[in-house]
Amino acid sequence: MSARDMRMEMFLRALLRRDFSKAKGHLEKLQKMAGSDEWGRGYTRAINGFLSTLQDNDPDSFLFQVVSNNDRERAEEFLKRFEEIISQEFRDEYEKGYYTAWVELLRAYLNQKSLA
């Protein structure tokens with residue numbers, strides 16, 4: 001498991017526990033790992049969205065619905081879809097970074113034995 005994957009797992013666990021101050025610390029480290037190029041900007045955009053969607057209890061967001069309902073089947077479905085998007089050559093680096101963050105988050109979510 002890469003350092004970024006481990007950090008994403010820690011970020012996710014903090015989000016699931018609703019420990020947003022700890023989640024912000026992990027988010028900052030993930031941002032540094034991602035860098036500031038186009039790929040990194042897409043990745044950063046996604047992880048900031050993960051934090052704000054759970055912090056704001058946004059019931060319309062996919063992530064909030066998956067976490068609230070423990071919808072592992074739906075998470076697996078979207079993981080496959082996002083992995084496919086990353087592999088498409090016509091996607092720009094921003095999109096690839098954005099969807100890579102989703103893939104890492106969904107893998108971390110699906111690897112959780114118990115939530116929180």
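Predicted model, so just to flag it, every value in this text is computed and none were measured.

The next subject is the pattern of salt bridges. Oppositely charged side chains can form a pair if their charged atoms are brought close together. Applying the stated criterion across every chain yields a total of six salt bridges. Of the charged contacts, one joins Glu9 and Arg13 as a salt bridge, the two residues approaching to 3.0 Å between their closest N and O atoms. Of this pair, Glu9 and Arg13 are both found in helix H1 (residues 3-16), four residues apart, which corresponds to roughly one turn of the helix. The exposure class of Arg13 is partly exposed, given its relative accessible area of 30%. Arg107 is the salt-bridge partner of Glu83, the closest N and O atoms lying 2.6 Å from each other. Note that Glu83 is positioned in helix H5 (residues 72-87) and Arg107 in helix H6 (residues 93-111), a separation of 24 residues in sequence.

What follows covers the packing of aromatic side chains. The tally for this structure, following the rule as stated, stands at eight aromatic pairs. Centre to centre, the rings of Phe62 and Phe78 are 4.1 Å apart; their planes meet at 35°, and the pair counts as tilted. One end of the pair, Phe62, is in helix H4 (residues 62-69); the other, Phe78, is in helix H5, with 16 residues separating them in the sequence. In this structure Phe62 comes out as buried when scored by relative accessible area, which is 15%. Exposure remark for Phe78: the relative accessible area of 13% places this residue in the buried category. For the ring pair Phe62 and Trp102, a centre distance of 5.5 Å and an interplane angle of 45° mean the geometry is tilted. Placement of Phe62 in helix H4 and of Trp102 in helix H6 is noted, with a sequence separation of 40 residues between them. Comparing Phe62 with Trp102 shows no difference in burial state: the two are buried. Clustering of aromatic rings is evident, with ring pairs tying together Phe50, Phe62, Phe78, Phe82, Tyr98, Tyr99 and Trp102. Above the face of the Tyr109 ring, Arg72 is positioned so that its terminal group lies 5.8 Å from the ring centre. The ring of Phe78 is capped by Arg81, whose NZ or CZ atom sits 4.6 Å from the centre of that ring.

How each quantity is defined
- Residues numbered from 1 in each chain as written.
- Predicted model: local features only at pLDDT ≥ 70, side-chain atom pairs only at ≥ 80, totals over all residues.
- Heavy atoms only, no water.
- Salt bridge = Lys/Arg side-chain N within 4 Å of Asp/Glu carboxyl O.
- Helix = DSSP H or I, 4+ residues; strand = E, 2+ residues; numbered from the N terminus.
- Buried < 20%, exposed > 50% of the residue type's maximum accessible area, 1.4 Å probe, protein only.
- Phe/Tyr/Trp six-rings, centres within 6.5 Å; stacked < 30°, edge-to-face > 60°.
- Lys NZ or Arg CZ within 6 Å of the ring centre and 35° of its normal.

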